[in-house]
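Understanding the architecture of this molecule
Chain by chain, the residues:
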Amino acid sequence: MSKTLAEIAQQLRSTNKKVQLIYAFNGNGKTRLSREFKRLVAPKSNGGEGDADEDRPELSRTRILYYNAFTEDLFYWDNDLELDAEPKLRIQPNSFTDWILINQGQDRNIITNFQHYTNEKLTPRFNEEYKRRDKDGKEIAVKAFSEVTFSLESGDDEHSGNLKISKGEESNFIWSIFYTLLEQVIGILNISEPAERETDDFDRLEYVFIDDPVSSLDENHLIELAVNLAGLIKSSQSDLKFVITTHSPLFYNVLYNELNSRACYLLERSEAGSFALVEKHGDSNKSFSYHLYLKQTLEQAIANDQVQKYHFTLLRNLYEKTASFLGYPRWSELLPDDKQAYLNRIIQFTSHSTLSDETVTEPTVQEKQTVKFLLNNLIDKYGYWQQQEVQDG
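In what follows, the accompanying structure is described. (Residues numbered from 1 in each chain as written. Predicted model: local features only at pLDDT ≥ 70, side-chain atom pairs only at ≥ 80, totals over all residues. Heavy atoms only, no water.)

**Examining the packing of aromatic side chains**
Note the following rule: To pair, rings of Phe, Tyr and Trp, with the six-membered ring standing in for Trp, must have centres within 6.5 Å; the planes then decide the type, stacked if under 30 degrees apart, edge-to-face if over 60, and tilted in the middle. Counted as over-ring charges are cases with an Arg CZ or a Lys NZ within 6 Å of the ring centre that also lie within 35 degrees of the ring normal.
Inspection of the entire model under this criterion finds 17 aromatic pairs. An aromatic cluster is defined as three or more aromatic residues linked by ring pairs; in this entry it consists of F75, W77, F114, F126, F145, F150 and F173. One residue, R35, lies across the ring of F70, its end atom 4.4 Å from the ring centre. The cationic tip of R262 hangs over the ring face of Y256; the distance from NZ or CZ to the ring centre is 4.0 Å.

Spelled out as structure tokens, the structure:
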């Protein structure tokens, strides 16, 4: 049934599950859904849209913590174009990072988490003071964190000077800020007696909404992030609820396998602009995510002209999984007309040879074209993949 994102947000809030896991292709409304959910849980009249305004009676973070593209927009690079010597990651003035860094004093823990995911020698440094203007326009020094610099430490108090880190490292850094706060929140709320908690800042917190924290991450970091996030969620003993959205089949699959009490959905968007939240049950989650991951991996290798021997193994795996899903007794039945020739070619590349000089490390141009042809055959001829293509579009 077609719905608006506001109606889907209401559907998610009405579901009594500790974790709700949502898969959606990019452009299908994940980030907008996170905003609608925030408006529902913490309406504007209660400070839901005024996170930078400390005069409001209640800030949205007292009800919901959320991570999405807007969180990353709080940070931007000052590349020092004139001297090319002091690149800095600037922090937009906002109460969210001030709350984490000043009120909660989490800068050291953020650095530790960031180095865990990147490099123990890659060190962020937060500044601790910058100038603001008071109501009369006079500059006053206020303790705040307005920028971060990064350097490589080499020991003996020597460091590289300021560096501009990669996009993946930057994503890791911003996620580390949110993850550090989430660790603190869960640890504090796990103390059952509110009077015994070190702060009452989180006592009214209801939801954590995490939208796609995996952009720019390589597969190893993505898997580790998913496992660590799942472990942190499982450690939560309070009534806190979690909504997680992603476009990554691998991230979805890891979370699905790691978490127990969860509801799983596919968020779809129609050409007319309406939405549907389709609940997925049991093995449909596994096949849906794993098949799609294999398909996307092969398509990327073909597009980049980087087909290697192991891609034949992925292709065979995709044929086997699709045949099983569609009820074919042998995966070779899905091959094109000259089945035996293509079967022999795939087996040639996927068999385990014991002679090192027989190992082919780089397929020929013709063999690379075979991977493309057989992948297109699978997508074009079978209804399961035709449905996936419609969703992907």
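Back to the text.
**Concerning the nonpolar core**
Generally speaking, soluble globular proteins have nonpolar side chains that are buried together. Note the threshold: Here, nonpolar core means buried Ala, Val, Leu, Ile, Met, Phe, Trp, Tyr and Cys residues that are tied together by side-chain atoms lying within 4.5 Å of each other. Buried, partly exposed and exposed residues are distinguished by accessible area as a fraction of the type maximum, computed with a 1.4 Å probe on protein chains only: under 20%, between the cut-offs, and over 50%, respectively. Working definition: helices are DSSP H or I runs of at least four residues, strands are E runs of at least two. Numbering for both runs from the N terminus. It only takes one pair of heavy atoms within 4.5 Å for two residues to be counted as in contact.
Residues F150, F173, F178, L182 and I244 are the most contacted members of the largest nonpolar core, which totals 63 residues. At twelve residues, helix α6 (residues 167-189) tops the list of elements feeding residues into this core. Every residue in contact with L182, bar those within four places of it in the chain, is listed here: V208, I210, L229, L232 and F242.

**Focus on helix α1 (residues 5-14)**
The condition that has to hold: The arc in question is formed by the directions pointing from the helix axis toward the C-beta atoms.
Within α1, burial applies to L5, I8, A9 and L12. End-on, the buried residues of α1 take up no more than an arc of 105°, which puts them together on one face. Lining the buried residues of α1 we find β1 (19-23), α2 (30-41), β11 (241-246), β12 (262-269) and β13 (275-280).

**Some thoughts on the pattern of salt bridges**
How we decide: Just to be clear on terms, a salt bridge is a Lys or Arg side-chain nitrogen sitting within 4 Å of an Asp or Glu carboxyl oxygen.
As enumerated under the stated definition, the model contains 13 salt bridges in all. For E206, the salt bridge identified is with R13, shortest N-O distance 3.2 Å. Within this pair, whereas E206 is found in the loop between α6 and β10 (207-211), its partner R13 is found in helix α1, the two being separated by 193 residues in sequence. Residues K295 and E299 are paired through a salt bridge, measuring 3.3 Å at the closest nitrogen-oxygen approach. Linking K295 with E299, this pair stays in helix α9 (residues 283-303), spanning four residues, or about one helical turn. Residue K295 is classed as buried on the basis of its relative accessible area, which comes to 1%. With a relative accessible area of 30%, E299 lands in the partly exposed category. Salt bridges sharing common partners tie together R13, R63 and E206.

**Quick notes on the sheet that holds β12**
Rules: Pairs of strands are assigned from DSSP output, requiring at least two bridges between the strands. For every element, the axis is a line fit to its C-alpha atoms; helices are fit only across the contacting stretch, and the angle between N-to-C directions ranges from 0 to 180 degrees.
With mixed pairing, the six strands of this open sheet are ordered in space as β2-β10-β11-β1-β12-β13. Of all the strands in the sheet, the pair left with one neighbour each is β2 (64-67) and β13. Recorded for the sheet is a direction-independent mean angle of 20° between the axes of neighbouring strands. Along the sheet face, α1 touches β1, β10, β11, β12 and β13 and points at about 30° away from the line of β13.

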